[in-house]
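Structural characterization, general
Listed below, chain by chain, are the residues.
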Amino acid sequence: MDAVEEIAEESTGKENQEREKNRYIMTEENTRKSCEWKGSITVEASFLLPLIVYLIWNCVFLSFFVYDQCIVMQGSYCSALRAERLVADDSEKKVMLEEKYRETVENRKVMCSISTEKELSDQKIVIDAGINMKAPGGRFFFSNWRSEQHQAVEKFEPVAFIRMCRKAENLIDFWNAGKTERESVGL
């Protein structure tokens, strides 16, 4: 049995050496195998590379869009709040609102187009903003992102605010008084 295994190993070793020698010789079989797979990566890359570049490009533009969305949301609320806290008549509040909105939103936006509608009433100030951004991608890869923001600030009434704070303080005092009584009883 050992002699048979030795002969089999010698024959497979010789076949392997023969195969190694023939691997570098140009035969019809070798050229057919290499030609079948030689250009496949180029074809696959020609389909995948534009798609990958497009996805990365859209991620960058999406981050710009989210940044502008945050700027519009925060700036709208802050400018409405500042205009509401101003002690003046409606015309001065309107001028202040326009000025603060331009300062906090329009001067800080990156790429989006913004359409706004500002409304002053006796009870509240409302700012509705629409954000629109088109990411460049040509005819085949078109991205258009839209968002709408609605920010409203209610009229500030200091008397009602102070009453609410006092009610909260009374509730806290009542809770703490009950807590000390429970602790003295041992509950």
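Small disclaimer: the values here were computed from a predicted structure and weren't measured.

1. Some points on the environment of Lys-94
You can see Lys-94 is positioned in helix α4 (residues 90–106). The partly exposed category is assigned to Lys-94, whose relative accessible area is 33%. The residues touching Lys-94, leaving out its near neighbours within four places in the chain, are Lys-118 and Leu-120.

2. Re the sheet that holds strand β1 (residues 113–120)
Where strands meet in a sheet, backbone hydrogen bonds hold them as pairs that are either parallel or antiparallel. Here we have three strands laid out as an open sheet, ordered β1-β2-β3, and antiparallel in their pairing. Each edge of the open sheet is held by one strand with a lone partner, namely β1 and β3 (143–154). On average, adjacent strands in this sheet sit at an angle of 10° to one another, irrespective of strand direction. Sheet topology places strand β2 (residues 124–135) next to β3; 12 bridges connect them, and they run antiparallel. Counterpart to Lys-124 in the pairing with β3 is Glu-154. Across the sheet, helix α3 (residues 40–85) lies against β1, β2 and β3, angled at about 15° from β3, the strand it touches most. Packed on one face of the sheet, α4 meets β1 and β2 and runs near 160° to β1.

3. A short note on the confidence of the model for the chain
Low-pLDDT stretches of the model should not have their predicted coordinates read in fine detail. Confidence along the chain averages 80 in pLDDT terms, with 74% of residues attaining 70 or more. Put simply, helix α2 (residues 28–37) is where the chain has its lowest mean pLDDT, 56, and β1 is where it has its highest, 90.

4. What about the pattern of salt bridges?
The full count for this structure, using the stated rule, is three salt bridges. Measuring nitrogen to oxygen at the nearest pair gives 3.4 Å for the salt bridge that ties Glu-98 to Lys-118. Separated by 20 residues along the polypeptide, Glu-98 in helix α4 and Lys-118 in strand β1 bring together distant segments of the chain. Overall, Glu-98 belongs to the partly exposed group, its relative accessible area being 30%.

5. Topic: the side chain of Glu-84
Take Glu-84: it is sitting in helix α3. Residue classification places Glu-84 among the buried residues on the basis of a relative accessible area of 9%. Other than its neighbours up to four places away in sequence, Glu-84 contacts Lys-93, Ile-125, Val-153, Glu-154, Lys-155 and Phe-156.

6. A few points about the nonpolar core
One finds Phe-65, Met-133 and Trp-145 to be the most contacted residues of the largest nonpolar core, which totals 18 residues. At the level of secondary structure, the elements contributing two or more residues to this core comprise α3, α4, β2 and β3. For this core, the element with the most residues is β2, which contributes six residues. If we ignore the near neighbours within four places in the chain, the residues touching Phe-65 are Cys-112, Ile-131, Met-133, Trp-145, Arg-146 and Ser-147.

7. Considering the side chain of Ser-79
Within the secondary structure, Ser-79 is located in helix α3. If we ignore the near neighbours within four places in the chain, the residues touching Ser-79 are Leu-97, Lys-100, Tyr-101, Thr-104 and Ile-127.

8. Examining the packing of α3 against α4
The geometry of a pair of packed helices is captured by two quantities: the angle between their axes and the separation between those axes. The interhelical angle for the contact between α3 and α4, taken along N-to-C directions, is 155°, at an axis separation of 8 Å. The pairing of α3 with α4 is recorded here as roughly antiparallel in orientation. Judged by the sense of rotation from one axis to the other, the crossing of α3 with α4 is right-handed. Between α3 and α4, the residues in contact are Ile-71, Val-72, Gly-75, Ser-76, Ser-79, Ala-80, Arg-82, Ala-83 and Glu-84 and Lys-93, Met-96, Leu-97, Lys-100, Tyr-101, Glu-103, Thr-104 and Val-105, respectively. Here the residues of the contact of α3 with α4 are counted per class, giving eight nonpolar, four polar and five charged.

Rules behind the numbers
- One numbering rule holds for all chains: residues counted from 1, following each sequence as written.
- Where totals are concerned, whole chains, interfaces and linings use all residues; where local detail is concerned, this predicted model gives features only for residues with pLDDT of at least 70, and gives and counts side-chain atom pairs only at 80 or more.
- Side-chain measures here rest on the full set of heavy atoms in the structure, leaving out hydrogens and waters.
- Comment: elements are numbered from the N terminus, with helices defined as DSSP H or I runs of at least four residues and strands as E runs of at least two.
- Categorising residues by exposure relies on relative accessible area from a 1.4 Å probe, with only protein chains included: less than 20% of the type maximum marks a residue as buried, more than 50% marks it as exposed, and the intermediate range marks it as partly exposed.
- In this analysis, two residues are considered to be in contact whenever any of their non-hydrogen atoms come within 4.5 Å of each other.
- Criterion used throughout: strands pair if DSSP finds at least two bridges between them.
- Helix axes are fitted only over the stretch in contact, all axes being lines through C-alpha atoms; the angle between N-to-C directions runs from 0 to 180 degrees.
- Per residue, pLDDT captures the predictor's confidence, and it can take any value from 0 to 100.
- Note on definitions: salt bridges are taken to be side-chain nitrogens of Lys or Arg within 4 Å of carboxyl oxygens of Asp or Glu.
- Residues belong to a common nonpolar core when they are buried Ala, Val, Leu, Ile, Met, Phe, Trp, Tyr or Cys residues joined through side-chain atoms within 4.5 Å.
- Angle categories are assigned with fixed cut-offs, so that under 35 degrees is roughly parallel, over 145 is roughly antiparallel, 65 to 115 is roughly perpendicular, and the rest are oblique.
- Rotating anticlockwise by less than a right angle from the far helix to the near helix defines a left-handed crossing, while the corresponding clockwise rotation defines a right-handed one.
- Under the scheme applied here, ten amino acids are nonpolar (Ala, Val, Leu, Ile, Met, Phe, Trp, Tyr, Cys and Pro), four are charged (Asp, Glu, Lys and Arg), and all others, including Gly, are polar.

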